[in-house]
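A look at the structure
Okay, here's what each chain looks like letter by letter:
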Amino acid sequence: MAHRLEITLKNDLFDPEGEGVRRKAADYFHLALDRVRTIQVLTIDAALSHDQCERIRTEIFTNPVTQVSSFAPLPEPFDWVVWVGLRPGVRDNPGATAAEAIEDGLGIRLPPEAAVYTSKRYCIQAKGLDRAAVDRIAGELLANDIIQQWRIYDRKDWGADTGIGIIIPKVILDHTPTVATVPIGSDGELQAISDARSLALNPNDIPVIRAYFRDPAVREARRAMGLDDPTDVELEYISQARSDHCNHNTFRGRFDYRDLATGETETVNNLFKTCIEAPTLALKNQKDWVVSVLWDNAGAGRLDGDHYYVITGETHNSPSNMEAYGGAITGIVGVYRDPLGTGKGARLVMGAYGYCMGPRDYTGPLRPRLHPRRLLDGVIEGVRDGGNKSGIPTPFGQVLFHPGYLGKCLVFVTALGVMPARVAGTPAEEKTTSPGDLVIMCGGRVGKDGIHGVTASSEVFSEHTPAGHVQIGDPYTQKKMHDFLLEARDAGLIRFVTDNGGGGLSSSVGESARYSNGALIDLEKVPLKYAGLDQWEIWVSESQERMTVAVAPEDLEAFMALSRRHAVESTVIGSYTDTGKLHIRYEGKTCAYVDLSLLESGFPQWAFEARWQPPEHRGLCEPVLGEPTDYNGLVLEMLAQPNTCAKNWIARQYDHEVQGTSVIKPLIGAGRDVPPDAAVIRPVLTGPRGLVFTQALIPQYSAIDAYHMTGCTIDEAVRRIIATGGNPDHIGGVDNFCWPNIQYDPEKNPDGRFKAAQLVRACKALRESCLAYGIPLLSGKDSMYVDGHLPGRFGERHKVSALETLQFSAVSVIDDITRCVTMDLKAPGDIIYVLGLTRAELGASAYYELFGEIGCRVPEAHPETFLPLYRALARAIAEEIVASAHGVYRGGLGVHLSLAAIGGRLGLTVDLDQVPTARPLRPDRLLFSESAGRLIVSVDPAQRQGFEKLFTGLPMAAVGTVTAEPVMEIRNGDQPLVRLALERLVDAWKRPFGNLI
Amino acid sequence: MEAVENGMSPIPIDALVLTGYGLNCDNETAHALALAGATPHRVHINALIDGDISLPDYQIMVFGGGFSWGDDHGAGVVQAVRLKNRVGHQLLEWVARGNLVMGICNGFQVLVNLGLLPGLDGDYTRRSVALTHNDCGNFRDDWVRLAVSAHTPCVFTRGLEGIELPIRHGEGKFVTDADTLNRLEAQKQVVLRYANADGRPAGGAFPANPNGSLNDIAGICDPTGRVFGLMPHPEAYHHWTNHPEWTRQKEPLRRAGRPLPTAPTPGVRIFANAVAYLRTA
C-alpha cells in the first residue's frame, strides 16, 4: 500500500521556486504566466498505518508555520498542472533521506523493498496558454527526459480525488544474474561481440586478448577454475582497463608529426612520458616541496612541516551535456573522492569550476540537446549543490562562451585536500595493499549506474527500466563517508584507499590489487540497490559515492564500528592475495580468473598522424582595421562582452567560506564584486600559511596556434599566482586537456591530423613552459572527444568541434597570509605601473573577436624574459610595498585597468605613451593587445624608490596615478582617448547578467 | 584570548560541537570557540544519542552549520526529529539548568524545529517560527551588516553593536505569524537584524536583507537569552583576514606604520561572550 503526501507553502507565503519558473518562462520562451506554485510530492511505498502516516506528516514533513499538506491532492488552483518525477533507478536523494527520517521518526525499520519517491507538481495559472506551450515548459524548463518523466493535466483531465495517482518509479529487473562466455574463434567474431555488447574493445587489442585466452598454460589454469573461453566479466575488466579514459592511450600514443611548411618530420613517442612525466620528475628532484606525483589519485605538495596539500582536476563533459545538473553534481562530487583517495586520505579543503559553453543567447539554426542557457543553469546548480552540501568551499571559477562548445560543453572541476604529513606514525602519502588485507567497499550501493556511459541512452525506456546511465551525485552520503574515512585514517585503520569512479570496482580493485599482486573477490557480497544485476554489471558499475579500502583483518572490528557510528555502509567483499590473479567468484563459482600482468603485456600503442600548417599558410592574416575614434564606447563595449563582464550571480551561489579558511574571496574590492587574480585559503587554521590557487583558460588562441595557447595559458596562471603573493619557487600545475577527436578519418574527421598536430604542439609548449617556470605537474587529465553532431534546420547534422582547450590550474603557498595582495586600486595618489612589454599581439584577441576577426599574430609567452620581472614583483610583495597587483589578461590594458579601477571604486589617469613597448604601437593596439608577461601594479608614492630599484634593468614604467575623482582617464601623450565616469564602467561591466541572482 | 589573570587558571568551559550527517562547520566552530577561551569537543550526533558522552559534562552546545540529512525536507527538520526523539528530554533538562545553546545557520533551523526557539511561555517544544526559502530563490553567500539590539536579554551579543558577518544559506527567511512576531519584538528576543551600510535595518531590501526575512530578522534568542539562533556565521569571521575587504583595511595601517589587527573579531566576541557569561554565572 503506497501513500502519496502533498506538501506546499501556505497560500500567503511567497513561493520562490514557482516564481523562478514564472520568470524563466517569460525570459526564455516569452510565455506570460500569472502564477506558479510548487507542490512537493512524497510517494511512500511502504505499509504504514493511518496513525503512522499522520505522525510523519505532522512531525516531519510539514512545517506548521509555513506549510500545509494532505494525503489527498491539495486544492491548489491552476489552469495547468505539470507533474515531474524521476525515472526508475535515478538517484533520488530526498527520497532516501525521507526514508531515513520516517525510520527515525517512527522508530521502525522499513523493509528493503520499501522506498520513498519524491516528485513535484507545478500548478500554473495562465490565461490562454495552450498544451504545446505547457509541454515546452515541461520539457525545456522543468524536466529532462533522460532522467525524468512528466505528465500534463488541464482542469478537465484532473480528478480532484485522484490527482496524479500513485506513481512508483521502482526498478524491477526480474532477471537472474548470469555469466556469459564469449567465443573467441576469430578476431572478427570477438570484434562483432564487442560491438554488440558495447565493450568498446580497441580492434588493435583484440589479437592480444585472444592470444592470452588461447595460451595453453592459461587455458589449463582456467580449466582448473571451471573456466574456458573468456567470460563477460573478464572482457569487461579488460575493456575498462584498456579504455582511453583509464589508460590514456591517446597521450601514450605515437605521433608522426610533420610541419607541412618546412617539411620537417618528427616522431613523438608518448606525449605523456616526454611532455608530462619527464619534466615533472626532473623538477621533483629540484623541488623539495614536491611530495608525491604521477601515481596516485592526486599529486601532493608540502603546505608546511606538518601538512601536505593534494590537488587534482577532472572534467565531466559528456554526462553534463546530456543532463546538466546530474552530470555536473556527479562531476564535482566525483572529483572530491580523488583527494579522499590520495595517500591514506586527505580532507577536502576547496573546489573550483570552469565552464565552457555555447553562447548563452544562442539563436542560430543548430539545435543542441540542451540550449546553452539551460545547460549553464543546470551545471551551475549541480556544482552548487555538490560543493555546498559537501561542506567544501568553492572560491574560484571561470565561465567561457564560444560557439565551439555548442557541440559539447566542458565542465572542469578541481579539488584540493590537505592531509597530515604523518598518519599513525607512517608517511601519509604512502599506501599499499598486502596479501591478507580485506577489500572493503564503503559508501553507496551498486546499481546499473554509469554502465557503458552514454551508449545506454539509446535503449528503449519501459516503465521500470533503470535510467541509470545518467547519474546524480549524492553529496550527503559522500560527506558522511568523508568524515568516517578521515577518522579511520587517523586511527591508523586504513592501509590503502582509492575511489570508485570510472570503471567502478573493476578499476579500483584491479589497480589496488597490483600492489599485493592479486585479489579474490566474492561479488555476491557487494550491496546492491536492487536485485537482478549481472555479475559483470556489479563489477563495472560506476555507482557513485563509493571508496575501496584495504583494512588489516585485526582492524576490521574497529573499522566497522566506526563505520556504524557514522551511519556509513561498509562491506567486506574479498581479500588481497599474492597469486598474481584477479580472481572473482559469485556464490562460490569462479567468473573471472585473469593474470594481472596481462595489462602490462604487449598491447599495441595507438598511432596518430599529425600534420601542422602554420597560421600564415592557413590564410590567416591581420585584419585591416583603422583606428577607432570613439574610445569611450569601445571600452564600454569591451567590458560588456560575455566573456569579460561580471558573472557574480554564479560565485554568490557557491559557499566559498565554509571551513572558515577564506582569505581571498571570489569577489573582492570596495564593491565586493570583482574577481581576484587568485583565491587564497588558509586550510590549517592554526598556522599562518595560505594556499594560493588559480586557473587560466584561453582556448581562443588555439584558432591560431595551440602551442601559443598553451604557453600563454600557463603564463597567465603564473602571473595570477605571483600577483596575489604566491611563491615563484613553489608553483604546482594541473593540466586538463579537452580536445576534439584527433584520429584522422577522411569522412568523419577530415581535419583530425591538424588537431593531432595542435595536441603535439600544445604538449611541447606544456613541457617547455613547465621547465622554464619550474612547475611540476601535480596532476592532470585529458578528455579527447569534444565534438558534437547537431541537427540543423533541414534535419542535416553538423559536426561541431570545440576549440583545442587547456585549462591550467596552478597552486602555490604563501608563508604569511597577511601578505596577500589583491588587484583593486587602494588609495588616491598611488603610482600605477605597467610591468612587461606590450607588443602588437592581437591575434585571436577579445578586441578582434568584437569585430568577428581572428588575425594572425597571437600572443607569445617568453618565460625566460618574464621570470625576472615576476621575481622582482614577488620580492616587492614580500616587502609589503605593493598596494595592488593585477595581471593583464584577455581584453588587454583597456579591460584590466578598468577592472582595477572598479575594484577600488577609484579613478585613474594613465598615459599610454609611457607603457613599455618593443616598438611604437597605435593606441587601440596598446589598449587591447593581449601580450603575455604583463601586470598592472599600484604603489604608494612613499615606496616609489624602493619599488623601482627592484626592477632595475627590467621593462616597466610608471604610466599614471590613482585618483579620488571617480573617472578613468586614458590618454596617449597629448591625445585624449578615454574619459569615463567610474559608474559607467561599473554599469557596462555588470549589466549583461545583472538581473541574474 | 586565553587570559590567565592573577596567575589563576580560568575555569574550563567545555563546549560541545555537533558533527555528522552532513554537518560541516564543526572544525571552524571548534576553532572559534578555542580562540574565545572555551575547550571545544567535536561530537558525532550518534555519540550523543548512544550515550557515549554525557551532556552535563558541557556548558555550551553549538548546533552548527551544514546540510544535515541534505536539508531535503526543510533545513534542519530531520536532525531536529532525530534529536527530539532520542535525547529530547535530556536536552531540555540540560538547557533548563542554565547552560548555553547556540544554533548557527543549519543549527538555527534545527533549534526552531525543535522548538527550543523562540521558547515563548516557557514552552521549548513548540514550533512557532520558521526559516524558509530565500525570496531571491537561491542559495546565497555574501557578507551582511547586522544591527545588534541593545536591550535584548541575549548573553551572546553583549557589547556588540553594528557588526559584519557572512551568510551562506538557501533557507534563511524568517517567518512567523503576526502575534508571535509582536511578542518576540516586545520581549526583545530579536537579537540581530540585517542592516544597511548606515547601520539601520534593511527594511526588507535585497541584498542588505538577503532572504526576505520579516522585520529583517537574522537572529533571535529565547526569553532567558541563553538560547541563541542566527543565520549568519560568526565562526567564519574568526580572523581579520576573513573580512572581504581586509586587504583594503590593511593598506592604511601599513602606511601609517601601525600594527596589524590582533583584537578578537566580532565573530569570536560572540563566542567569548558565552564563555564570559559562564565564568561569571
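Residues numbered from 1 in each chain as written. Chains lettered and ligands numbered in written order. Predicted model: local features only at pLDDT ≥ 70, side-chain atom pairs only at ≥ 80, totals over all residues.

1. So, the confidence of the model for chain B
Looking at chain B, pLDDT values average 95 and 97% of them are 70 or higher. Per-residue pLDDT stays below 50 along residues 1-5 of chain B; that stretch engages in nine contacts with residues further than four places along the chain or on separate chains. (pLDDT = per-residue confidence, 0-100. Contact = placed C-beta atoms within 7 Å.)

2. Quick word on the domain arrangement of chain A
Taken as a whole, chain A is organised into domain 1 (2-154), domain 2 (187-247) and domain 3 (821-997). Inter-centroid distance (C-alpha atoms) of domain 2 of chain A to domain 3 of chain A is 59 Å. (Domains from an automatic or database assignment.)

3. Structural notes on the sheet that holds strand E5 (residues 115-125) of chain A
Residues and elements named next belong to chain A. Strand order in the open sheet made by the six strands is E3-E1-E2-E5-E4-E6, with antiparallel pairing throughout. Pairing within the sheet leaves two strands with one partner each, and these edge strands are strand E3 (67-70) and strand E6 (148-154). Direction aside, the axes of adjacent strands within the sheet are offset by 20° on average. Two strands pair when backbone bridges link them, and strand E4 (residues 80-86) and E6 are joined in this way by seven bridges, in the antiparallel orientation. Among the inter-strand pairings, Gly85 is bridged to a residue of E6, identified as Gln149. Along the sheet face, helix H2 (residues 50-61) touches strand E1 (2-9), strand E2 (35-45) and E3 and points at about 30° away from the line of E1. (Pairing = 2+ DSSP bridges. Helix = DSSP H or I, 4+ residues; strand = E, 2+ residues; numbered from the N terminus. Axes fitted to C-alpha atoms, helices over the stretch in contact; angles between N-to-C directions.)

4. A short note on the packing of helix H21 (residues 706-724) of chain A against helix H22 (residues 752-773) of chain A
All names here are of chain A. Following both chains from N to C, one finds H21 and H22 inclined at 30°, their axes separated by 7 Å at the closest point. The chirality of how H21 crosses H22 is right-handed. Of the residues in H22, those touching H21 at Ala706, Tyr707, Met709, Thr710, Gly711, Ile714 and Val718 are Gln758, Arg761, Ala762, Lys764, Ala765, Leu766, Ser769 and Tyr773. (Left-handed = near helix turned anticlockwise from the far one by under 90°.)

5. Re unusual backbone geometry
Working note: non-glycine residues mostly have negative phi, and peptide bonds are mostly trans. Residues and elements named next belong to chain B. Residue Pro118 follows Leu117 across a cis peptide bond; omega there is 0°. Residue position: Pro118 is located in the loop between helix H4 (106-114) and strand E5 (129-132). The omega torsion across Phe206 and Pro207 is 0°, close enough to zero to call that bond cis. Its location among the elements puts Pro207 in the loop between strand E9 (190-195) and strand E10 (217-221). For Cys105, which is not glycine, the phi torsion reads 55° and is therefore positive. Its 30 C-beta neighbours within 10 Å are what place Cys105 among the buried residues. Of note in the backbone geometry, Asp121 takes a positive phi value of approximately 55° without being a glycine. (Buried ≥ 20, exposed ≤ 12 C-beta atoms within 10 Å, placed from the backbone.)

6. A word on helix H4 (residues 131-142) of chain A
Residue and element names in this part refer to chain A. Among all positions of H4, only Val134, Ile137, Ala138 and Leu142 are buried. Buried residues of H4, seen end-on, are gathered within an arc of 95° and therefore sit on one face of the element. Here the buried face of H4 lies against helix H1 (16-29), E4, E5 and E6. (Arc of directions from axis to C-beta.)

7. Focus on the nonpolar core
One finds Val680(A) and Leu873(A) to be the most contacted residues of the largest nonpolar core, which totals 247 residues. Core analysis: the next-biggest nonpolar cluster, separate from the first, contains 123 residues, Leu33(A), Ala98(A), Val95(B) and Leu192(B) among them. (Core = buried A, V, L, I, M, F, W, Y, C linked by C-beta atoms within 7 Å.)

8. Describing the environment of Arg374(A)
The residue Arg374(A) is located in helix H14 (residues 372-388) in this model. Residue class for Arg374(A) comes out partly exposed when judged on the 18 C-beta atoms lying within 10 Å of it.

9. Digging into the packing of helix H25 (residues 892-904) of chain A against helix H28 (residues 982-990) of chain A
Residue and element names in this part refer to chain A. Between H25 and H28, whose axes approach to 10 Å, the crossing angle comes to 105°. Here H28 runs roughly perpendicular to H25, going by the angle between their axes. The residues of H28 that touch H25, namely those facing Ser898, Ala901 and Ile902, are Leu982, Leu985, Val986 and Trp989. Split into classes, the residues belonging to the contact of H25 with H28 amount to six nonpolar, one polar and no charged. (Parallel < 35°, antiparallel > 145°, perpendicular 65-115°, else oblique. Nonpolar A, V, L, I, M, F, W, Y, C, P; charged D, E, K, R; others polar.)

10. Considering the environment of Phe272(A)
Residues and elements named next belong to chain A. Position of Phe272 relative to the elements: it lies in helix H10 (residues 271-286). Sequence spacing of Phe272 and Ala670 is 398 residues, and the spatial spacing of their C-alpha atoms is 45 Å. Those residues in contact with Phe272 that sit more than four places away from it in its chain are His248, Phe251, Arg252 and Glu277.

11. With respect to the interface of chain B and chain A
Tallying the contact residues gives 57 residues for chain B and 60 residues for chain A. Listing elements by their share of the side of chain B that touches chain A, those giving two or more residues are helix H1 (26-35), helix H3 (77-96), E5, strand E6 (140-148), strand E7 (162-169), strand E8 (173-176) and helix H6 (246-255) of chain B. Broken down by element, the residue count for the side of chain B that touches chain A peaks at six residues, all from H6(B). Split into classes, the residues belonging to the side of chain B that touches chain A amount to 17 nonpolar, 24 polar and 16 charged.

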